[in-house]
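Notes for the structure review
The primary structure of each chain is shown beneath.
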Amino acid sequence: MKMRLWVFGGFLTAATVAVACCAVSMTGRGVQFAGQANIIVWEAESKTEHFIRSAKFETEADNLGFIAPTPTLPDLAEVDAAAFKDFARAIRDYQLALKPLIQNPFTMSKGAAGGLSTIVRVVDVAGYEATTLKPDDAQGLSSWMKLNGYVTSPDTDKWIAFYVRKGWFFTALKVKAKDGKAATGLVKMSFKTDRPFNPYYVPADNMPIKPGNRLFVYFVASGKYSVDASNLHEDVVAPLVGGHADELQKHLKLASLPKDATITAFIDDSFPNPKATDDLYFTYSEPGPEFPRSPWWNVAIVTGSVIIVWLVFRRRRLRLEAK
C-alpha cells in the first residue's frame, strides 16, 4: 500500500532517504514527491538565506527523509510550523485592506569519515541527528551512503555529482527515535549564498507517477523578487507588517526581518519538473507594495466611537460623584 507522508526536512528513520530533490533506500522502494511548501527569508545585505521546507511524499517504504545540499556550511535551528499560517494571515489581511470595506481595527552515521566524505559537524536539532558532510568528489558521498546502507542509482549519482561539482555541503538529518517513537520539528537551515535559491532539480527516479503536484514558495525579502522559471509563477505579492511580521519573526526564530519585508508567493502546479536541470534562483525586481491606509471614514468612525464611549463613562462617573 502506498503511503502519503509529510516530512519536515529530515530522516524519519534510516530505511529510505529523500536527498533534497532525490531519493534512495535500503530496500530499493521508490519515493515520489507529492507536494511541497517552502519558506525562504533572504537577507540581501549579509547574503544570508534562511530555508525551511515542508515536503509531502508517496512511498511504499516505511520511512523517508532528506539530505539537503547548501552552498556553504548551514546553521540549523528548530522553528515553529505556525510560520506557514503567518503567511496566510498576512496575505489575507493585505487583500482585505485593498477592498473599500470598513475593517475591524482591533483585530546518518559518525563513522564514515576518512577517505570518503569529510564529516564537518554532527549536532542534534528538532529531534534529528544532523550530519553535515563535505565530499571531495561524487564517489565520496556515494560511498558514505552505501556504507550506511543506502542503495543508490545512476540518477542519484548524477544528482550528487551535480552539487559536488559546485563544491556544496550536504546535511543529512536522521531521526533520533527511542522505543520506536520519535518526535520531530521543522528545521531552519541558514547559510551564506551569493544568490537566493529554492532546490528544484529532481532526478528521474524521484518523479511522481501521477503529475500535477504543487510547490508553494513564500519568499520574504526587501522588495519584490522574480524567479527564472516558467513553471513557478507569481501568485501574490503583499507587504509583511505589524503583528504578522512580529509573529513570523518569533516563529522562525530570526533576530530581525529584512527592511520593508515583502512576501512574494510563488506556485508551481506541476512539481517536480522533469525538465529541470538546476535549482531556482531569485532576482530583485522592484520595491514591494505598501500596506494601504484606512479610508478617512474608517478613521472617523473609530475616532467617533472612542469619543462616545469616553463621554458615556465620564457622564456615569460624574453621576456617581454627585451622589
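Just above, that's the structure.
Nothing here was measured: the structure is a model prediction, and the numbers come from that model.

**Thoughts on the side chain of His-50**
Along the chain, His-50 falls in strand E5 (residues 48-59). A polar side-chain atom of His-50 sits 3.0 Å from a polar atom in the side chain of Glu-43. Not counting residues within four places of it along the chain, the set of residues in contact with His-50 comprises Ile-39, Ile-40, Val-41, Glu-43, Lys-188, Met-189, Ser-190 and Leu-254.

**Focus on the packing of aromatic side chains**
Within the structure shown, the criterion is met by 14 aromatic pairs. Between Phe-197 and Tyr-281, the ring centres sit 6.0 Å apart and the planes meet at 40 degrees, which makes this aromatic pair tilted. On the criterion of sequence distance, the pair formed by Phe-197 in strand E12 (residues 197-198) and Tyr-281 in strand E17 (residues 280-286) is long-range, its members being 84 residues apart. With respect to class, Phe-197 is no different from Tyr-281; both count as buried. Members of the aromatic cluster, joined through ring pairs, are Trp-159, Phe-162, Tyr-163, Trp-168, Phe-170, Phe-191, Phe-197, Tyr-201 and Tyr-281. Lying across the ring of Phe-169, Lys-134 places its NZ or CZ 5.5 Å from the centre. The ring of Tyr-281 has Arg-195 sitting right over it, with the charged end atom 3.9 Å from the ring centre.

**A few points about the nonpolar core**
Grouped together as the largest cluster of nonpolar side chains are 44 residues, with contacts concentrated most on Leu-76, Trp-144, Tyr-163, Phe-170, Phe-219, Phe-266 and Phe-282. Ignoring any residue separated from it by four or fewer positions in sequence, one finds Phe-282 in contact with Ile-40, Pro-196, Phe-197, Asn-198, Val-217, Phe-219, Tyr-225, Ser-226, Val-227 and Phe-266. Formed by 25 residues, the second largest nonpolar core is a distinct cluster that contains Val-79, Phe-87, Val-220 and Ile-263.

**Things to note about the environment of Phe-169**
Looking at the element boundaries, Phe-169 is found in strand E10 (residues 169-175). When the C-alpha positions of Phe-169 and Ile-119 are compared, they lie 9.9 Å apart, and in sequence the two are 50 residues distant. In this view, Phe-169 contacts Ala-68, Pro-69, Thr-70, Pro-71, Thr-72, Leu-73, Val-120, Thr-132, Leu-133 and Lys-134; residues no more than four positions away in its chain are not counted.

**Looking at the sheet that holds E10**
Pairing between the strands of a sheet is mediated by backbone hydrogen bonds and can be parallel or antiparallel. In space, the four strands of this open sheet follow the order E6-E10-E9-E8, with antiparallel pairing throughout. The sheet is open, and its two edges are formed by strand E6 (67-70) and strand E8 (117-125), each paired on a single side. Each strand of the sheet is rotated relative to its neighbour by a mean of 25 degrees, with strand direction disregarded. Across six bridges, the pairing between strand E9 (residues 128-135) and E10 is antiparallel. Bridge pairing in E10 places Leu-133 opposite Phe-170. Contacts from helix H2 (residues 138-147) reach E6, E8, E9 and E10 within the one sheet, and its direction differs from that of E8 by about 55 degrees.

**Focus: the packing of H2 against helix H3 (residues 154-165)**
Two elements in contact, H2 and H3, have axes separated by 8 Å at closest approach and are oriented at 130 degrees. The orientation of H2 relative to H3 falls into the category oblique. Taken as a pair, H2 and H3 cross one another with a handedness that is right-handed. For the pair formed by H2 and H3, the contact residues are Ala-138, Leu-141, Ser-142 and Met-145 on the first element and Thr-156, Asp-157, Ile-160, Ala-161 and Val-164 on the second. Its residues assigned to classes, the contact of H2 with H3 shows six nonpolar, two polar and one charged.

Rules of the game
- Residues numbered from 1 in each chain as written.
- Predicted model: local features only at pLDDT ≥ 70, side-chain atom pairs only at ≥ 80, totals over all residues.
- Heavy atoms only, no water.
- Helix = DSSP H or I, 4+ residues; strand = E, 2+ residues; numbered from the N terminus.
- Polar contact = N/O pair within 3.5 Å; in protein donor to acceptor, adjacent residues only side chain to side chain.
- Contact = heavy atoms within 4.5 Å.
- Phe/Tyr/Trp six-rings, centres within 6.5 Å; stacked < 30°, edge-to-face > 60°.
- Buried < 20%, exposed > 50% of the residue type's maximum accessible area, 1.4 Å probe, protein only.
- Lys NZ or Arg CZ within 6 Å of the ring centre and 35° of its normal.
- Core = buried A, V, L, I, M, F, W, Y, C linked by side-chain atoms within 4.5 Å.
- Pairing = 2+ DSSP bridges.
- Axes fitted to C-alpha atoms, helices over the stretch in contact; angles between N-to-C directions.
- Parallel < 35°, antiparallel > 145°, perpendicular 65-115°, else oblique.
- Left-handed = near helix turned anticlockwise from the far one by under 90°.
- Nonpolar A, V, L, I, M, F, W, Y, C, P; charged D, E, K, R; others polar.

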